[in-house]
Structure formats: C-alpha cells, structure tokens
Amino acid sequence: MALMLVKFDLKKRVKLAQTVWFMYWFAVMAGVLVFSMGLFFKIELRKRSELMDNNESHFLPNLLIFMGLVACGINAFGGKICYDSLDPAKFAKWKPMLKNFLVFCVGFNALLFVTALLCLVMRIPLQFTLAEGLRNGMKFYKDTDTPGRCYMKRTLDQMQMEFRCCGNDNYRDWFEIQWVSNRYLDFSSKEVKDRIGSNVDGQYLMDGVPFSCCNPSSPRPCIQFQMTNNTAHYSYDHYTEELNVWNRGCREALLSYYGGMMNTIGALVLLVTLLEIGVTIGLQYVDSSLSTLANPDDPESESEGWILEKTVKETFTDIMAKMKAMGKGSKVEEGAMAGKAPEME
Amino acid sequence: MVLLKMKFTLQRRVRLAQGLWLLSWLAVMCGTFVFCLGLYLKAELLRRAEVMDNTEIHVVPNILMMVGLASIGTNWVASRVCQDSLDASRFPRWKAFLLAWFVVATLLCFLLLAVVVLSYALQGSLEESLKVGLRNGIRFYKDTDVPGRCFQKETIDHLQMEFRCCGNNNFRDWFEVQWVSNRYLDFTSKDVKDRIRSNVDGRYLLDGVPFSCCNPASPRPCLQNRLTDNSAHHSYDFQSEELNLYSRGCRQALIDYYMGLMNSTGPGVLSVILIQMSVVLSLRYLQTSVEGAMAQEDPAGDSEGYILEKGLKETFEDLKANILILLKFGQVNPNAAQESPEAGDPEKASDNTTEKATSTTSAS
C-alpha cells in the first residue's frame, strides 16, 4: 500500500512537472535569501566584534552561508531535472541518479531544519559573550593612547548613542570604573587627590557618565556630572529623574537587537525548509509517476505517483533489513577470508 | 530635402517595431525610477522640514514625480503603438494621436533637463532656508515647555549627532544664544545673576555647548562648558583643540548632504533623457516608414522613413505659417460673429467651422 497514491495521465504529469519547476526557481531564490541573511549576520557580528571580546562564534553565519550556497545548487539541479522530465529521452539520463539525489535532498532538509533551530537557540551563548565583552570595553574606555584599544572609546560612544543605552546593566556601571584617562587629570589638585585616595585601587572614580549616555528627549540640558548630588543642580532629584540619561543597559539593548535578528532569520529558514520539503515531495512524485508508466513505450499512458512505495512502517523495516544485510555481508566476507587464510596455511 | 532619410524593408520595419517595443518598456521602467527618485528626495527633504524655512527646493522632487508618472503613461502608449504598427487595420487609429504624443514626450525631456539645471540653481535658496531654519531652531532649543516648539531640542540634538555638526556656522553660535531654559536656572545664585547682567537682553549666555556637539572620536572625555577658559581644564588649549567638538556647521553639513544626493541622481536622470529621446526618434521612424508602406500599392514592400518631411528650416516656416493662419482665423471670427447676429445666418457659422477644421488637419 503506497503512501499518498495519486493517478496521473499525461496532462497531469505535464502540469506537475511545470509546477515543480516553477517551485524550484522559487527555492533557488530562497537559497539566495538564506545566503544573504548569513552574510548580513556575519557582517553585523563583525561590526561589534570589539564589544564581544573578539571571540564571538561565527559558526552560525558560516553555516547559513554554506546552506544557502548548497540550496542554490541543489534547487538549480532539481529544476533542470524537472525541465527534462517532459522529454523521455533526456529524462532517461537522469533516471539512475534520481533516487540518490532524493535521499540527499531529504538529508539536506533535515540539516536545514537543524539550522533553523540553532538560530533560535544560539541566543544564550551570545548573552554571555556580550556581558563579558561590554564589561571589558568599559574598562578600556579611557585607554585612547594604548595601541589596539585606542578606538574603544569611539566604539562605545557610538554604540551607546545608536542603541540608546548606558553602561552594562545601567548607568551606575560608569561610577565603578575610571573612564577619564590619567593624561587629563591634574594630580596636583585637591579634588583629584581626594578621589584617588578614596578607594583601594587608586582609581579616579566619580558619579558621572560620558556624554553618549545623554538622552536628547530630556527637557533639560544633560546632567552628566555629580549625578547623585541633588544640591549640585537646581531643581534636580536623581531618584525621580528619568529622562536625563538612557535607562536601559547596553547588554540588554544589544541582546534584544541580535536576538530579534536571529529570531527573524530562524523563522525565515523554517519557511525555506518547508519550501524545500515541498519541492522534494514534488520531485518524488515526478520520478515515481514517470517510472510506473502502464505502457513504457507510450508516453501518453497512465501512471501512478506516490511519496513512498510501501507504507512508512514497511519502508522503515526495509531500510533496517538492508543495513543488517550490509553488516552481515561484511561479516560473511570476513568469515570467508578467515576461513581461506587458515586453509592456505 | 528630407531630414535623415532611411530605407526600410519589411523585415527592418518588423525589427524596428520589436526593438522599439522593448525600448519603450525599458523607458516605462525608467519612468518608474524617476518617480521613485523624486519620492525619495521629497521624503528626505520632509524629514528635515523643521530646520528649513521655506519649501522652494521642493520644486525639484515635485517635477521629478510628475515627469515620472507622465513618462510611464507616455511610454506605455508608445508600446501599444508599436504593437499595432505592423497591423494595417489597427495602426490608422493612432495617427491623430501621434503628433500630440511627440509634443508631450519632447516636453518631458525638456522638463528633466530643467530639473538638472534647477537642482544646481536652487542651492542658494536652500542655503538661505537652512540658515533661517537653523537659527530659529537654536533660538528655540530651550523652549521645551512651549507647545509647538517642545520638540525643537530633540530635533536639533538628533540633527547634530547624525550629521556630526554643531551650530549654524560653527559651535560659537551656541555662545550667543541662551540654550538653557529658565526653569533650570537658580536665580539666587551669583553666577547666574552675573551672566544675566552681562548682556543687554538679560539672557543667560555661557561659553558652552549642548552634549550633542561632542565628537566621539576625541581621545578625551567631552568638554562642554567653559570652552574658552584654558585654565578651567587640565592640559587644554582652546585654540588648538580640534577633536573635542564637531568643527563643521550644520548648515554646511546639510547642504553637502542634499547636494550630494542631487548630484548622484544627475547621471541617472541624464540617461533617462537619452532613453526617452531615442524612443521619440525611433517612433518617428516607425511612424513614417509604416505610413509610407501603407500608402504604397504593395504594403509589404520597401518604404522610406525620415524624421522631418522637409528640411529643418522649411518645417519651421511651415509651422509658423500654420500658426499665423490659426491666428488669422481667430481674428476673422470676431468679425464674423458680429455680422452673423445681424444676418442671422447659421450657414456662415458652419462654413467657418469647416474651414477651421480643414486648416487644423493640414497643420497636423
């Protein structure tokens, strides 16, 4: 009892081949889409690699790029097969490899599905990478004269302005590190000496934030320094002041940005997987309908098409039996060789 | 003496019709491109409408959008004419149309050229508009509690951060304006009272700038206040400090941006003009060669195609003569209208109209 048996006459076969050919061209474009999404993701990761401690994993975008290329190739090939299927002479040369090609397609679809799941899951390692990278980034904010770190200030400032965030968890992270370079501190002044003396590491800590934390929507000019001192500014209460600097932390902002991107990519890859499954089933129907012609010499005769020749259970037991036979076959050969060897001796 | 005469066999006519059909569809897509270009330019101008005083510069994207739509329609008509041109029964209905089509198509080319010229000519007007708009924006920066102006601060801050500029001409524009709202000034403090007394209008002026002028590329944390006072900051020299704030003025930044946009669209518009002109010329050849073939006894035989039936000078003089005849009929008619109420003769009026009809057909 075949799975999903459908009867085909010539007209139906032609229509099927045309539809599947059309779908294959859509699938080629879907492959291009997957490729470009992988490329885009890779570029976005590269742009902020400084904030991710330069050890972010490029496994996922590389996988997407690879799958996109393979998808383009498979679908173009499948389209060619469909195009030739209407001509018995041309189809005959594809016939032998069609079964293997279909098995390969099924494997590829499974891999594509796994990729989609990965996109949705890889958020978690990204979170840890970002937390670590941002913390280090803030520590090196002041090192604008150290080669290799001199652009950290600019990167952080631009990131805070672009993503509308401040600090790692919130703006108070800036109170705990020295973000003013020693070159611009007057060590003879009393204020500087007090601040340096006030903590164990001798760091110049202050209750201020860089300008990139400022929120332009605030009705009052930005208050960056002496933020916890209510008397330093007229009509200011730092507990109730909400609009002065950005409230969100940059880790959360970046995570929601990349998380959103990965969710979208994962959803699109799932859709592409569905399309690929569709074209694989279509090609299986084309293949099976062309191999069961009632009268092999008459191209206009009726035929049947199916997804599986026998039911799912029987196909499964067939595959297991084949694998066992292959395993036994190699054992028999070994036994024969072992039997021969002692004879020769 | 015919202008640019060419011989056309039947096969050549067929090829010309097919090629022109493809070309006119290409021209339709160019028309869409021009329309989208105009739309994009208008959207960009509208985005910054708050810092612009007048909308004179909007004439450039408006014309582009109009021309884009008109050229889509015109070139679609051209493709229909091509399809019908090889069918002797369907082509004659387009005959009357074609003169109007040529006029419209040439007009579109001239309009596109005018757009290219205008985009350079209106630069001065854009500059003026930005000067006034930015000056107002900076003046109203502090009015975050005045309805209608409460977003001015946010607009100017975003503008300065996005375009990496400060002030109108440079950052010193902020020294001349009170940009801190009175609500946040402590009028009992000595510093505030001194500053307010130091100028005629009683404004709180300071040598400081808003945070949005800060340059992230500076190696030192941003210095916003007491910019002219070297002793206020360690190791700071006001005259030689370049990276602390953005050195460009926002007017210059915006003009560079918009001029860059319009310059980069220049080559695209010029190539659209070329394509449109080639559609016009090819359609003229097709029209004359097909009409010539239909006038002959053997419609499938050779015919001649040309751009103008007579030389350039003669055609021009013919046109002048036709226009004068039309004008003369315009002059004769009032006299006829005065006479006909006296005579009460409807026949004379119908005679005039038939004469007018023949002269119009001879002109086309």
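Above this text sits the structure in question.
Residues numbered from 1 in each chain as written. Chains lettered and ligands numbered in written order. Predicted model: local features only at pLDDT ≥ 70, side-chain atom pairs only at ≥ 80, totals over all residues. Heavy atoms only, no water.

Colleague: Help me understand the overall build of chain A in this model?
Modeller: For chain A, the count of helices and strands is eight helices and two strands. Reading the secondary structure of chain A in the N-to-C direction produces β-α-α-α-α-α-α-α-β-α. Relative to the compact-globule value of 20 Å for 345 residues, chain A shows a C-alpha radius of gyration of 33 Å, a clear excess of over 25%. Counting only C-alpha atoms and orienting by the principal axes, one finds that chain A spans roughly 100 × 70 × 35 Å. Here chain A holds 345 residues, and 43% of them are scored as buried. (Helix = DSSP H or I, 4+ residues; strand = E, 2+ residues; numbered from the N terminus. Rg over C-alpha atoms; globule rule 2.2 N^0.38 Å. Buried < 20%, exposed > 50% of the residue type's maximum accessible area, 1.4 Å probe, protein only.)

Colleague: Can you walk me through the overall build of chain B in this structure?
Modeller: Secondary structure summary: chain B contains nine helices and two strands in total. Its helices and strands taken in sequence order, chain B reads β-α-α-α-α-α-α-α-β-α-α from the N to the C terminus. Over its C-alpha trace chain B gives a radius of gyration of 33 Å, far above what one expects of a compact globule, namely 21 Å for 364 residues. By residue count, 41% of the 364 residues in chain B fall in the buried class. For chain B, the share of sequence-separated contacts (at least 6 apart) that also reach a separation of at least 24 residues comes to 72%. Surface accessibility of chain B: about 19700 Å² in total, with carbon and sulfur atoms responsible for 60%. (Contact = heavy atoms within 4.5 Å. Areas by Shrake-Rupley, 256 points an atom, 1.4 Å probe, with all protein chains shown as cover.)

Colleague: Explain the interface of chain A and chain B to me, please; I cannot follow it from the model alone.
Modeller: The figure often quoted for interface size is the accessible area lost as the parts come together. Taken residue by residue, the interface counts 25 residues in chain A and 26 residues in chain B. Residues belonging to the side of chain A that touches chain B are distributed by class as follows: 12 nonpolar, six polar and seven charged. (Nonpolar A, V, L, I, M, F, W, Y, C, P; charged D, E, K, R; others polar.)

Colleague: Explanation requested: the nonpolar core in the structure shown.
Modeller: By size, the foremost hydrophobic cluster in this structure holds 87 residues, and its most contacted members are Trp101, Leu112, Trp174, Val209, Leu283 and Leu286 of chain B. Every element with two or more residues in this core is listed here: helix 1 (10-47), helix 2 (59-85), helix 3 (95-121), helix 4 (123-139), helix 5 (152-163) and helix 7 (250-295) of chain B. For Val209 of chain B, the residues in contact, after removing those within four places along its chain, are Cys166, Phe171, Trp174, Phe175, Trp179, Gln224, Leu227 and Leu245 of chain B. Core analysis: the next-biggest nonpolar cluster, separate from the first, contains 71 residues, Cys82, Ala116, Met227 and Val286 of chain A among them. (Core = buried A, V, L, I, M, F, W, Y, C linked by side-chain atoms within 4.5 Å.)

Colleague: Help me out: how do you make sense of the state of the cysteines in this one?
Modeller: Enumeration according to the criterion identifies six disulfides over all chains in this entry. Here Cys166 of chain A pairs with Cys213 of chain A through a disulfide, and the sulfurs are 1.9 Å apart. What sets the handedness of the Cys166 of chain A and Cys213 of chain A disulfide is the S-S torsion sign, and at about 80° it is right-handed. Taken together, the positions of Cys166 of chain A in the loop between helix 5 (152-163) and helix 6 (190-197) and Cys213 of chain A in the loop between helix 6 and helix 7 (250-291) put the pair 47 residues apart, joining distant regions of the chain. In this structure, Cys166 of chain A and Cys213 of chain A share a single accessibility class: buried. In this model Cys166 of chain B forms its disulfide with Cys213 of chain B; the gap between the sulfur atoms is 1.9 Å. (Disulfide = S-S within 2.5 Å.)

Colleague: Just checking my understanding: could you explain the environment of Asp87 of chain A for this structure?
Modeller: Here Asp87 of chain A shows up in the loop between helix 2 (59-84) and helix 3 (88-121). Put simply, Asp87 of chain A and Met161 of chain A are 74 residues apart on the chain and 62 Å apart in space, counted from C-alpha to C-alpha.

Colleague: What's the story with the pattern of salt bridges in this structure? I'm lost.
Modeller: Think of it this way: side chains of opposite charge can pair up when their charged atoms draw near. For the structure on display, the rule yields 28 salt bridges over all chains. We note a salt bridge from Glu191 of chain A to Arg195 of chain A, for which the minimum N-O separation is 3.0 Å. In this pair, Glu191 of chain A and Arg195 of chain A both sit in helix 6, four residues apart, roughly one turn of the helix. Look at Glu191 of chain A and you get partly exposed, because its relative accessible area is 42%. Among the ionic pairs, Asp143 of chain B bridges to Lys142 of chain B, the shortest N-O distance being 3.4 Å. Residue Asp143 of chain B is classed as buried on the basis of its relative accessible area, which comes to 10%. Each of the salt bridges in this network shares a partner with another, and the network as a whole consists of Glu44, Arg47, Arg48 and Glu162 of chain B. (Salt bridge = Lys/Arg side-chain N within 4 Å of Asp/Glu carboxyl O.)

Colleague: Would you explain the packing of helix 2 of chain A against helix 3 of chain A in this entry?
Modeller: Helix-helix packing: each pair is described by the crossing angle between the helix axes and the interaxial distance. Residue and element names in this part refer to chain A. Axis separation between helix 2 and helix 3 bottoms out at 10 Å; the angle between their running directions is 155°. When the interaxial angle is binned, helix 2 and helix 3 end up roughly antiparallel. Crossing geometry of helix 2 relative to helix 3 is assigned as left-handed. (Axes fitted to C-alpha atoms, helices over the stretch in contact; angles between N-to-C directions. Parallel < 35°, antiparallel > 145°, perpendicular 65-115°, else oblique. Left-handed = near helix turned anticlockwise from the far one by under 90°.)

Colleague: What am I meant to see in the packing of aromatic side chains here?
Modeller: To describe a pair of aromatic rings, you give the distance between the ring centres and the angle between the ring planes. All names here are of chain B. A full pass over the atoms with the stated rule returns 24 aromatic pairs over all chains. Relative to Trp179, the ring of Trp174 lies with its centre 6.2 Å away and its plane at 75°, an arrangement referred to as edge-to-face. The pair Trp174 / Trp179 is uniform in exposure class, with both members buried. In this structure, Arg195 is placed above the aromatic ring of Tyr204, and the distance from its NZ or CZ to the ring centre is 5.9 Å. (Phe/Tyr/Trp six-rings, centres within 6.5 Å; stacked < 30°, edge-to-face > 60°. Lys NZ or Arg CZ within 6 Å of the ring centre and 35° of its normal.)

Colleague: What's the story with helix 3 of chain A in this structure? I'm lost.
Modeller: All names here are of chain A. The end-to-end C-alpha distance of helix 3, which contains 34 residues, comes to 47 Å, matching closely the 50 Å that a straight helix rising 1.5 Å per residue would cover. Buried within helix 3 we find Phe91, Trp94, Leu98, Phe101, Leu102, Cys105, Phe108, Asn109, Leu112, Thr115, Ala116 and Cys119. Buried-residue contacts for helix 3 involve helix 1 (10-47), helix 2 and helix 7. (Expected span 1.5 Å × (residues − 1).)

Colleague: So what exactly am I meant to see when it comes to helix 4 (residues 123-139) of chain A here?
Modeller: The periodicity of an α-helix, 3.6 residues per turn, causes residues three or four places apart in sequence to face the same way. Residues and elements named next belong to chain A. Its 17 residues give helix 4 an end-to-end C-alpha distance of 25 Å, which sits within 8% of 24 Å, the value for a rise of 1.5 Å per residue. Taken together, the buried positions of helix 4 are Leu126, Thr129, Leu130, Ala131, Gly133, Leu134, Asn136, Gly137 and Met138. Buried residues along helix 4 sit in contact with helix 1, helix 5 and helix 7.

Colleague: Teacher, can you tell me more about unusual backbone geometry here?
Modeller: Most peptide bonds take the trans form, and the phi angle of most residues other than glycine is negative. Residues other than glycine seldom take positive phi values, yet Ser235 of chain A does so here, at roughly 55°. Mapping Ser235 of chain A onto the fold places it in the loop between helix 6 and helix 7. The phi dihedral of Arg226 of chain B falls on the positive side, at around 50°, and the residue is not glycine. Its location among the elements puts Arg226 of chain B in the loop between helix 6 (190-197) and helix 7.

Colleague: Please explain the side chain of His233 of chain A as it appears in this structure.
Modeller: All names here are of chain A. Position of His233 among the secondary structure elements: in the loop between helix 6 and helix 7. Polar contacts involving the side chain of His233 include one to the main-chain carbonyl oxygen of Phe225, which spans 3.1 Å. In contact with His233, not counting residues within four places along its chain, are Arg220, Ile223, Phe225 and Gln226. (Polar contact = N/O pair within 3.5 Å; in protein donor to acceptor, adjacent residues only side chain to side chain.)

Colleague: How should a nonpolar patch on the surface be read in this particular structure?
Modeller: Residues and elements named next belong to chain A. Together, Trp21, Phe22, Trp25, Phe26, Met29 and Tyr83 make up an exposed nonpolar region whose accessible area comes to about 710 Å². With five residues, the single largest contributor to the nonpolar patch is helix 1. Within the secondary structure layout, Trp21 lies in helix 1. The partly exposed category is assigned to Trp21, whose relative accessible area is 31%. (Patch = residues over 30% accessible without salt bridge, like charges linked within 9 Å, V, L, I, M, F, W, Y side chains within 5 Å.)

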